[in-house]
Amino acid sequence: MATKKPLEFTLDVICYPLLFVFMAWVVFWVETRFKVNLNYLGILPQKIEGLRGVIFAPFIHSSLKHLFNNSIPLVVLGTALFYFYRTIRWKVFFLGFVLTGLLTWLIGRPAFHIGGSGIVYLLASFLFFKGIFSKQYQLTALALVVVFVYGSLLWYLFPIDPKISWEGHLSGFLVGLVLALLFKKNPVENKKFEWEKDTYKEEEDEFMNYFDEDGNFIELPPQEELIEETEAPAGEELETKKRVSIIYTYKKSSKPDSEL
């Protein structure tokens, strides 16, 4: 079985999330510069022409605030996905991208649904549930960070504001959960300490020499002089060699700090 390589930060980890956000900003600039409204390219539920929004809607935003609020989490969560889940990142991203749009098209209200917030919920949901299901400390820690930073997103899964596409949020959340269940393999190696390995031998561990059988800390006695004798050649006296081991013991000074 091939061993998993340790995680290393590479340029593509952040470049792809930045590219996605950059495309959204370019679209917004085009709308502003040429005074055009591309909302009609958003997701229009239960309408055939509304299916084009599955591809275009995440890049279209209604205002600068709307775009800015989505940009930061898209970069942060996207980078986390591409770093920790690099073996499945493209599958998660593309499947999530399409399925989130299709589910929004199925359950959404009869209005144009635009913005990248559905992708934000997709990423947050996947990173959280996958981290919890993995039972791997690095991924679980990542899941807790996502909850700590973006836990407030949970409120917008419900219709608390008629101007917000809660259907898109809910779709991304549900798709992220499904993908976390679908991709069961953990991409991060479970590292073991030396004492957790099967080859560990307590009697060969120098650190364990500082503890007695009851687990109490003890100070090792000073090592005695080790005397090595060598056989002398014929006609010569026996030569004795001594190897002295010196142990340094550091004690805290009794002088005030000002006198040190």
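Basis of the calculations
Residues numbered from 1 in each chain as written. Predicted model: local features only at pLDDT ≥ 70, side-chain atom pairs only at ≥ 80, totals over all residues. Heavy atoms only, no water. Helix = DSSP H or I, 4+ residues; strand = E, 2+ residues; numbered from the N terminus. Expected span 1.5 Å × (residues − 1). Buried < 20%, exposed > 50% of the residue type's maximum accessible area, 1.4 Å probe, protein only. Core = buried A, V, L, I, M, F, W, Y, C linked by side-chain atoms within 4.5 Å. Contact = heavy atoms within 4.5 Å. Salt bridge = Lys/Arg side-chain N within 4 Å of Asp/Glu carboxyl O.

Participant: Would you take a moment to explain helix α3 (residues 64-84) for this structure?
Facilitator: Helical geometry note: an α-helix holds 3.6 residues per turn, so side chains three or four residues apart project in the same direction. Here α3 is 21 residues long and its end C-alpha atoms lie 30 Å apart, about the 30 Å a rise of 1.5 Å per residue gives. With 15 of 21 residues buried, α3 lies mostly within the body of the structure.

Participant: Got a minute to help me understand the nonpolar core in this structure?
Facilitator: Across soluble globular proteins, nonpolar side chains have a tendency to be buried as a group. Core analysis: the biggest nonpolar cluster contains 36 residues, and Leu-77, Leu-81, Tyr-85, Ile-119, Phe-126 and Leu-127 have the highest contact counts within it. Of all the elements in the fold, those that place two or more residues in this core are α1 (12-33), α3, α4 (89-107), α5 (117-134), α6 (137-150) and α7 (166-182). With nine residues, α5 is the single largest residue contributor to this core. If we ignore the near neighbours within four places in the chain, the residues touching Leu-81 are Arg-86, Arg-89, Val-92, Phe-93, Leu-123, Phe-126 and Leu-127.

Participant: What is the right way to read the pattern of salt bridges from this model?
Facilitator: Any two side chains of opposite charge can pair, on the condition that their charged atoms come close. Within the structure shown, the criterion is met by two salt bridges. For Arg-89, the salt bridge is made with Asp-12, and the minimal N-O distance between the two is 2.6 Å. Linking Arg-89 in helix α4 with Asp-12 in helix α1, this pair joins segments that are 77 residues apart in sequence. Arg-89 gets classed as buried once you look at its relative accessible area, which sits at 10%. Between Arg-109 and Glu-167 there is a salt bridge, with its nearest N and O atoms 2.6 Å apart. One end of the pair, Arg-109, is in the loop between α4 and α5; the other, Glu-167, is in helix α7, with 58 residues separating them in the sequence. On the basis of relative accessible area, Arg-109 is assigned to the partly exposed category, the value being 31%. Classification of Glu-167 as buried rests on a relative accessible area of 0%.

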